[in-house]
Number of protein chains: 2
Amino acid sequence: MFDPSELLLYACTDRGVLAGRDLLQAVRQAIAGGATMLQLREKEASSREFFQLGVAVHELTAAHGVPLVINDRVDIAQAIGAEGLHLGQSDLPVAVARRILGPDVFIGVSANTVALAQQALDEGADYIGTGPVFATGSTTDAGAVIGLEALAEVAKGISAPVVGIGGINAENAASILRAGAAGVALIADIFGAADIEAAAAKLRDVLELKK
Amino acid sequence: MFDPSELLLYACTDRGVLAGRDLLQAVRQAIAGGATMLQLREKEASSREFFQLGVAVHELTAAHGVPLVINDRVDIAQAIGAEGLHLGQSDLPVAVARRILGPDVFIGVSANTVALAQQALDEGADYIGTGPVFATGSTTDAGAVIGLEALAEVAKGISAPVVGIGGINAENAASILRAGAAGVALIADIFGAADIEAAAAKLRDVLELKK
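In this report, the structure presented in the accompanying data block is examined. (Residues numbered from 1 in each chain as written. Chains lettered and ligands numbered in written order. Predicted model: local features only at pLDDT ≥ 70, side-chain atom pairs only at ≥ 80, totals over all residues. Heavy atoms only, no water.)

Attention now moves to the packing of aromatic side chains. For the structure on display, the rule yields eight aromatic pairs over all chains. Each ring, one from Phe2 of chain A and one from Phe106 of chain A, has its centre 4.7 Å from the other, and the planes form 40 degrees; the classification is tilted. With Phe2 of chain A in the segment before strand E1 (9-12) and Phe106 of chain A in strand E5 (residues 106-110), this pair connects stretches of sequence that are 104 residues apart. Like Phe2 of chain A, the residue Phe106 of chain A is buried in the burial classification. Here Tyr10 of chain B and Tyr127 of chain B contribute two aromatic rings whose centre-to-centre distance is 5.9 Å and whose plane-to-plane angle is 75 degrees, an arrangement assigned as edge-to-face. Here Tyr127 of chain B lies in strand E6 (residues 127-130) and Tyr10 of chain B lies in strand E1 (residues 9-12), a separation of 117 residues in the sequence. Among the residues examined, Tyr10 of chain B registers a relative accessible area of 1% and is labelled buried. Within the aromatic cluster, the residues linked to one another by ring pairs are Phe2, Tyr10, Phe106 and Tyr127 of chain A. (Phe/Tyr/Trp six-rings, centres within 6.5 Å; stacked < 30°, edge-to-face > 60°. Helix = DSSP H or I, 4+ residues; strand = E, 2+ residues; numbered from the N terminus. Buried < 20%, exposed > 50% of the residue type's maximum accessible area, 1.4 Å probe, protein only.)

Written out as structure tokens, the structure is:
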């Protein structure tokens, strides 16, 4: 069952920013710090590696009641019984993923305009990820910075929850909620931090104050 | 419905050996030449590209009654309604793919020993791909050449059909059938040929003579 309040502090993994540190340990620290949702993103791994990692991460997230979202791969989400799937614009069409997954897995979609977001919702999306709100160095396919006003436009223009992504940190996280988003999605400011648990905890504090 | 006789001339796509030539046109030519099964293998494409290509290729194969097999991606196979799925040893486990796909999609698995092949069959595979039988330059993950005797051992050691792969051409294709295989899987000698239709037709002739 999808609970939009769990989008509040949405931690997205990236092996690059982990720079060789153990992914499972990093996820454990992010959850200990207060991450409310976890996305596993593996663009380079083989299907077998993604599956095995997904099983291990899911065991961890499930034990803490944190929903696990798989990036891109519908089959990996199915294979490990993930709670959610996140689709970018170069992934499977939302309607196709919804048809395969049925109603029990929630689906998030990256969309930067009200029109794209509404289309995704019409095809079966449950939440929208909008960004990059601020400049970011984490993903190579992030696109042009859209800013807080464009985020607010999407958040106000659709009836589903929106999560802001891109260049978010403890200093600007509150502005994302003020723009009408249900939460913040972060890669670098959590998994690139020297102390992952402390970074997540600081973000969670900021977000709780502004809720 | 899986028909082992359709493994006879199994053409596997590879953008590399096509060297920029149109994939749909190449598939059309392979089918015109007598390919009895078609595998779509896209290791570099985004999910969206793989899906869109799969839809187009499936339209073509279905019009000619040739089964389409998707390499690796269970979700792409589901999304386009492919007849088959092929799994390597670094793809999803066979049992997981079978659970997701149900009984209506046939599954092939790469396995080079009787033990690995039998395990795949126990998990739900319908056919086994064994090789590289001969030296090949087509795939970087092909592993060490196993030779005709190892192929014969697998073919005789299991009850399911085996297809030989790796370095097969019109000169050695008959030896693959004599070793007990149900067919030959080829990349380079079909899709790397200057005249794809003629290359497929020559192979088909050789195989029909030795059946």
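Structure's up, so let's keep going.
Another aspect to go through is helix H7 (residues 147-157) of chain B. For H7 of chain B, the set of buried residues is Gly147, Leu151, Ala152, Val154 and Ala155 of chain B. Buried residues belonging to H7 of chain B abut helix H6 (114-123), E6, strand E7 (162-165) and helix H8 (173-178) of chain B. (Contact = heavy atoms within 4.5 Å.)

What follows is about unusual backbone geometry. Following Gly131 of chain A, the chain continues into Pro132 of chain A via a peptide bond in cis, with omega recorded as 0 degrees. If you trace the backbone, Pro132 of chain A turns up in the loop between strand E6 (127-130) and helix H7 (147-157). Even without glycine at this site, Ala19 of chain B takes up a positive phi of about 50 degrees. With relative accessibility at 63%, the residue Ala19 of chain B sits in the exposed group.

The next point concerns the pairing of strand E8 (residues 183-186) of chain A. Residues and elements named next belong to chain A. Side chains Gly183 and Ala185 of E8 all project onto a buried face; the interleaved residues Val184 and Leu186 project onto the opposite face, where all are buried too. Relative to E8, E1 runs parallel, the two being bridged by three bridges. Paired with Leu9 across the strands is Val184, a residue of E8. In this view, the connection linking strand E7 (residues 162-165) to its parallel neighbour E8 by way of helix H8 (residues 173-178) has right-handed handedness. (Pairing = 2+ DSSP bridges. Right-handed = clockwise from strand over helix to strand, strands pointing away.)

Right, let's talk about helix H10 (residues 196-210) of chain A for a bit. All names here are of chain A. Compared with an ideal rise of 1.5 Å per residue, which puts 15 residues at 21 Å, H10 spans 22 Å between its outermost C-alpha atoms and is within 8% of the ideal. Among all positions in H10, only Ile196, Ala199, Ala200, Leu203 and Leu207 are buried. Buried positions in H10, seen along its axis, are confined to an arc of 95 degrees and lie on one side of it. In H10, the exposed positions angled more than 90 degrees off the buried face are occupied by Asp205 and Leu209. Where H10 is buried, its residues contact E1, helix H1 (15-18), helix H2 (23-33), H8, E8 and helix H9 (188-191). Where H10 begins, one side-chain oxygen reaches toward the backbone nitrogen of Glu197, 3.3 Å away; that side chain belongs to Asp195. (Expected span 1.5 Å × (residues − 1). Arc of directions from axis to C-beta. Polar contact = N/O pair within 3.5 Å; in protein donor to acceptor, adjacent residues only side chain to side chain.)

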